[in-house]
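Letter by letter, the chains look like this.
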Number of protein chains: 2
Amino acid sequence: MKQQKMNMNKDLQYERSRCTFDPVEVTYLFDGSPEKTKRRRDQEQYFLDDLALKENVAMKYKSHKEIYEDSLQIACNVLQKVRELQCSGKEDIDLLLHIFGARLGSALFEGGNPLVLHYAMFLPSILGQANSEQQAYWINRAWAGDVIGTYAQTELGHGTFLRGLETTATYDPETKEFVLNSPTLTSYKWWPGGLGHTANHAIVVAQLYTQGECRGIHLFVVQLRDVETHEPLKGIIIGEIGTKLGMNGVNNGFLGFRDFRIPRENMLMKNSKVLEDGTYIKSMNDKLTYGTMVFVRVMLLQDLLHYLMKAVTIAVRYSVVRRQGQINPEQPEVQILDYVTQQHKIFPHIATCFAIKVTASWVWDMYNTVQSQLHQADYEKLPELHSLSCCLKAVVSADTAAGIEQLRLSCGGHGYMTASNLPGLYGLATAVCTYEGENTVLLLQTARYLVKSWKQAMNGEPLPDSVEYLNEAAKGVKHRRWSNDLECLIDAYDAVAAGSIRLAAEHLDRRIRDGVPMEEAWNQTGTELTQCAEAHARVFMVKTFAKAVKQLNSKSEEFRQVMFQLCELYIVYWALRNVGNFLRVSIDFFRN
Amino acid sequence: MKQQKMNMNKDLQYERSRCTFDPVEVTYLFDGSPEKTKRRRDQEQYFLDDLALKENVAMKYKSHKEIYEDSLQIACNVLQKVRELQCSGKEDIDLLLHIFGARLGSALFEGGNPLVLHYAMFLPSILGQANSEQQAYWINRAWAGDVIGTYAQTELGHGTFLRGLETTATYDPETKEFVLNSPTLTSYKWWPGGLGHTANHAIVVAQLYTQGECRGIHLFVVQLRDVETHEPLKGIIIGEIGTKLGMNGVNNGFLGFRDFRIPRENMLMKNSKVLEDGTYIKSMNDKLTYGTMVFVRVMLLQDLLHYLMKAVTIAVRYSVVRRQGQINPEQPEVQILDYVTQQHKIFPHIATCFAIKVTASWVWDMYNTVQSQLHQADYEKLPELHSLSCCLKAVVSADTAAGIEQLRLSCGGHGYMTASNLPGLYGLATAVCTYEGENTVLLLQTARYLVKSWKQAMNGEPLPDSVEYLNEAAKGVKHRRWSNDLECLIDAYDAVAAGSIRLAAEHLDRRIRDGVPMEEAWNQTGTELTQCAEAHARVFMVKTFAKAVKQLNSKSEEFRQVMFQLCELYIVYWALRNVGNFLRVSIDFFRN
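Residues numbered from 1 in each chain as written. Chains lettered and ligands numbered in written order. Predicted model: local features only at pLDDT ≥ 70, side-chain atom pairs only at ≥ 80, totals over all residues. Heavy atoms only, no water.

The name given to chain A in an unreviewed UniProt entry is Acyl-coenzyme A oxidase, and the organism recorded there is Bombus impatiens. For chain A, the Subcellular location (unreviewed entry) comment in UniProt is given as "Peroxisome". (UniProt positions renumbered as here; feature names shortened; annotations may be inferred.)

Here's what the structure looks like:
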């Protein structure tokens, strides 16, 4: 460590020496506590110091095949080390999340992790959707690695619209088996990670047919390959889908079925069931599956945060070290961070990291609250949580991807090189805009909740916290006079969000009144609806950030000062980015 | 062709059947004439039908080394075919431009062309900067391929700021040689295409020292590798810089010199000279080198146009063929192009293609006019052309890169796959934001011209066409009443651009009046300055587009109608994207 410090670039050293507070405060803030920081560092050292893992260099120079082989080798090495930790009792609950998430995972797996779906989707599906006999059968086998699974839902022709999935599982009471088929080219499973060459089993999502009727989509555990030879079983058509913008080690695959039979016991039957004679018993509760989707989106906020933190750190350091051009022709070339245009490209993304951090923590707490309420059959907060998780995933992924790209461009030609790690981070972040709910689709889901909330507000009904501002807007409450403080700007954000929601609701109503069918009117109002969901996410982030700064538990006045400045920057930056809406929607507000 | 049509997707066939005009009109518009369309198609067929070139598949599956080897093989095959064309007298002047530009080049060279700088920079530098003896010596050797050159200007630590280049060429009158040196790590040449393993010569840009004085940067032809063994010569340190976001077949390299000697005759001496005794004779004319930079930027507009055209074609076709989700639950899944949100993502970029096309053609004509004036020592229009080429390169590259990325995201998961070609197109387009003048730097160059023009307008001096709108703004001329037609919106664009320029000029002046030194005041006004250059580029594109539509030479009323709609979409889209400035700056205008 000492050696490193001595060789440190002088410009970097100087900038660091000017920090007004102890930077470890930021570290603790992001980790949660000094203890968690220590634990994280121990874990990182344990994994990253390992020689076999260290040799994972220059992945980008390799062929697609080599990238996969190396990624699989790394995945096996990492699991070996996880097991060692488990045996020595040092494992903690966060560890697997870090390894499969962005923080440690993206450092360990430059090309992506071909086993990620085994742990992130296959095992959780068994735990959540299988009955106890099924769990007894599968869990140990999967945990031991005899069964390597993936999760096969998306098809070549079907992603967003789940009901449109075409793969069929038809129950045959004669043999007490399901017969799986891929009736069309578009029905082939497409995308599952690890499916290409890694997994020997999959959870398959298929339309269940029994007693001549379609019962909608259900989950089945399906063996795909021989456990010894790893050859695909007869009736299984399987392969890899090809290269992508990023994550080429994930080994995404395709999968088709030709009259492929599995035992009745392989349908996951914790909720719905098919009896031996083919009788279908419907699930008692649909809402419980909501929880998993929300959980994944909440986790994605953490991933995105780590991608953006890495990118902004790289860009800031580069801008300190890089000297280019002169401001004063009498002086030497300046650090490019001295250019106001460069600061404008970089600083807002530092602020955004803190905004995402506090938002993600807030939503994680809310998720845990709602989870414990669900166990007491209290579903009241579920719609609010669902609507928040949708728009936040969309806005945070879009901000992060665009932010990383701007940061990459701010590093000039060097940002174009993969050695900067910026192209790789972009590949990871932009993928989140599409998977686990395409962003536009998610914004429209939130918009549905917002339009409904607006109507409730107009009827004077009470609303949950995150949309309470609609009540004031509906009542036409005038806000305080325009002034230069943050509270006033936050009120303006409220007014913009409420105004956008009102506008979308009114446009929708007008179209319906004009005789446009409801569904088509919804489609025609798509732009206004997505925009109001974005405005809602933004005001939520702005308020959460401001509240967190107010409640900041630090003895350092200087640190609190910098945090306040970052919050102010975030709030002003996004108001300016969207100044048209502030001028249009809050015109009444500014006239006050 | 018939076979193809029979197998065409039904949705695609249906959409095409609904076109109100003959689509070949668009083809002729983009090519320039029916004859040029035919010639282009013949060329494409000639190159793309070639078997050896066809085998260039699946580049993305290969290792970095294989990508380079394959790219070099393709480059040699292409050159062979170019020579055959030359021998048969079928070559035309556009051919090389197409092969090295985006249209044919990006189809032929998936990984990039390692010989591109030999033709695009080495040969033109010899032609433009060498005296006639030097041309006699080098041109034939380079054309025959005995000499393969590149152009080595950028250094590891020096890109934008040319005067900061560190490589030295010190004249030694004893031996009548220049001694080349790389005095620091940051002085190593970094980026030149083909330098890694391909070129055996380079034009090297270095600080000339003679008779103890630094004379600024000059150009030198330097042999780097043995022509027979291809080994680096003694005193040459050379290699490849590594993998990048895109163009990995271009073989970008680094280069250092240790007391490397070249004969005096290897300095390109068309303009400045060093005599045998070391006497330095200064160039008579600096302005002529301007021309090359402008030429490259004008060519880049064409490249960007082709990237965006390809991307928008892919996204439109995908959105027609892809069916996902329902608008009316009674109906089958819809083509995703039926979603208003999808149209909002795609249609503006169709309009942008036409806007770029007419702008690029206009600037190309202006370039040719100015070139012929330059030959008569008439430099009047050069500053205007330079300022236009700077801001247009910046705005068009930023629009194209962001557009391709939005189009890629509009194709969901399939857009993430390299098979969609969208990640590759993005890699090519985003690079243009950085090379040949980083966008922010270019915008600031235009801003300097605009601030000067604003002051001239305030003094009542006449201004060139592209900034004439400043005259009216300076005089405070009121525009026509607000109405819903395009002319009125175009007036608003004028007002926004003029208002942005005035704002930047006033902020700059105020800072200087407040005692901030000129250079630092310029830096502090960086954001306003880049924004006014963007607004200037936009109003120029808007007006050029509107004028081109008005002058459109087509008998088809329907085609003219569609072109008008595209122009309207472009104008309304960018006004809405920037609605804050329209509301702020043109508030007087709207009040009229």
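Chemist: What am I meant to see in the overall build of chain A here?
Modeler: Within chain A, the regular secondary structure consists of 23 helices and eleven strands. For 592 residues, the compact-globule formula gives about 25 Å, and the C-alpha radius of gyration of chain A, at 26 Å, lands near that figure. For chain A, the spread of C-alpha atoms along the principal axes amounts to about 85 × 70 × 40 Å. Buried positions account for 54% of the 592 residues belonging to chain A. (Helix = DSSP H or I, 4+ residues; strand = E, 2+ residues; numbered from the N terminus. Rg over C-alpha atoms; globule rule 2.2 N^0.38 Å. Buried < 20%, exposed > 50% of the residue type's maximum accessible area, 1.4 Å probe, protein only.)

Chemist: Got a minute to help me understand the relation of the copies chain A and chain B in this structure?
Modeler: For these two chain copies, the linking operation is a rotation about an axis paired with a shift along it. Overlaying chain A on chain B yields an RMSD of 0.0 Å, the required transformation being a rotation through 180° with an accompanying axial translation of 0.0 Å. In the structure described here, the two chain copies are related by an operation that fits a two-fold rotation axis. (Least-squares fit on C-alpha atoms with pLDDT ≥ 70 in both.)

Chemist: Quick question: what am I supposed to make of the domain arrangement of chain A here?
Modeler: For an interface, size is often stated in terms of accessible area lost upon the parts coming together. Residues and elements named next belong to chain A. Once the domains are mapped, chain A shows domain 1 (32-113), domain 2 (148-283), domain 3 (286-437) and domain 4 (460-591). On a C-alpha basis, the centroid separation for the pair domain 1 and domain 3 is 21 Å. Contact with domain 1, which involves seven residues of that partner, is made by seven residues of domain 3. Ranking the residues of domain 1 by area buried against domain 3 places Ala102, Arg103 and Ser106 at the top, with a combined share of 59%. Put simply, domain 1 and domain 3 have zero salt bridges between them. (Domains from an automatic or database assignment. Contact = heavy atoms within 4.5 Å. Buried area = accessible area lost by both parts, 1.4 Å probe. Salt bridge = Lys/Arg side-chain N within 4 Å of Asp/Glu carboxyl O.)

Chemist: Is there a simple way to think about the packing of helix α13 (residues 382-410) of chain A against helix α20 (residues 526-550) of chain A in this case?
Modeler: In a packed pair of helices, the relevant descriptors are the angle between the two axes and the axis-to-axis distance. Residues and elements named next belong to chain A. At a closest axis distance of 9 Å, the pairing of α13 and α20 adopts a crossing angle of 85°. Taken together, the axis directions place α13 and α20 in an arrangement best described as roughly perpendicular. Contacts from Leu388, Cys391, Leu392, Val395, Val396 and Asp399 in α13 reach Ala533, Glu534, His536, Ala537, Arg538, Phe540 and Met541 in α20. In the contact of α13 with α20, the residues fall into nine nonpolar, one polar and three charged. (Axes fitted to C-alpha atoms, helices over the stretch in contact; angles between N-to-C directions. Parallel < 35°, antiparallel > 145°, perpendicular 65-115°, else oblique. Nonpolar A, V, L, I, M, F, W, Y, C, P; charged D, E, K, R; others polar.)

Chemist: When you look at the interface of chain A and chain B in this model, what are you seeing that I'm missing?
Modeler: With 69 residues of chain A at the interface, the matching set in chain B holds 69 residues. Summed over both sides, the interface between chain A and chain B buries roughly 5300 Å², with carbon and sulfur atoms accounting for 59% of that surface. The shortest N-O distance in the salt bridge between A:Glu438 and B:Lys345 comes to 3.5 Å. On inspection of chain A and its partner chain B, the count reaches 35 residue pairs in polar contact (both at pLDDT 80 or more). Of all the secondary structure elements, the ones that give two or more residues to the side of chain A that touches chain B are α6 (64-87), α12 (340-375), α13, α14 (412-416), α15 (422-432), α19 (518-524), α20 and α22 (579-585) of chain A. When residues in the side of chain A that touches chain B are grouped by element, the largest group, six residues, is from α15(A). Of the residues contributing to the side of chain A that touches chain B, the split by class is 23 nonpolar, 30 polar and 16 charged. (Polar contact = N/O pair within 3.5 Å; in protein donor to acceptor, adjacent residues only side chain to side chain.)

Chemist: Before we go on, may I ask you to explain the pattern of salt bridges in this structure?
Modeler: A side chain of one charge can pair with a side chain of the opposite charge if their charged atoms are brought near each other. Residues and elements named next belong to chain B. Taken as a whole and assessed by the stated rule, the structure comprises 40 salt bridges over all chains. Where Asp494 meets Lys543, a salt bridge forms, and the shortest distance between an N and an O atom there is 2.8 Å. On the criterion of sequence distance, the pair formed by Asp494 in helix α18 (residues 486-513) and Lys543 in helix α20 (residues 526-550) is long-range, its members being 49 residues apart. When its relative accessible area of 28% is taken as the criterion, Lys543 is described as partly exposed.

Chemist: Help me understand the UniProt feature "domain: Acyl-CoA oxidase/dehydrogenase middle" (unreviewed entry) in chain A in this model?
Modeler: Mapped onto this numbering, the UniProt entry annotates "domain: Acyl-CoA oxidase/dehydrogenase middle" (unreviewed entry) at residues 151-259 of chain A. For residues 151-259 of chain A, the helix share is 0%, the strand share is 41%, and the end-to-end C-alpha distance is 20 Å.

Chemist: Explain the packing of aromatic side chains here, please?
Modeler: Here the distance between the centres and the angle between the planes together describe a pair of aromatic rings. Under the defined criterion, the tally for this structure stands at 33 aromatic pairs over all chains. Seen in terms of ring centroids, A:Phe178 and A:Phe220 are 5.0 Å apart; in terms of plane orientation they differ by 70°. Their pairing is edge-to-face. Of this pair, A:Phe178 sits in strand β3 (residues 177-181) while A:Phe220 sits in strand β6 (residues 213-223); the two residues are 42 residues apart in sequence, bridging distant segments of the chain. Judged by its relative accessible area of 0%, A:Phe178 falls in the buried class. Linked through ring pairs, A:Tyr171, A:Phe178 and A:Phe220 together constitute an aromatic cluster. When the ring centre of A:Tyr137 is taken as origin, the NZ or CZ atom of A:Arg141, which lies over that ring, is 3.8 Å away. For the cation-ring pair, B:Arg538 lies above B:Trp574, with the distance from its terminal atom to the ring centre recorded as 3.5 Å. (Phe/Tyr/Trp six-rings, centres within 6.5 Å; stacked < 30°, edge-to-face > 60°. Lys NZ or Arg CZ within 6 Å of the ring centre and 35° of its normal.)

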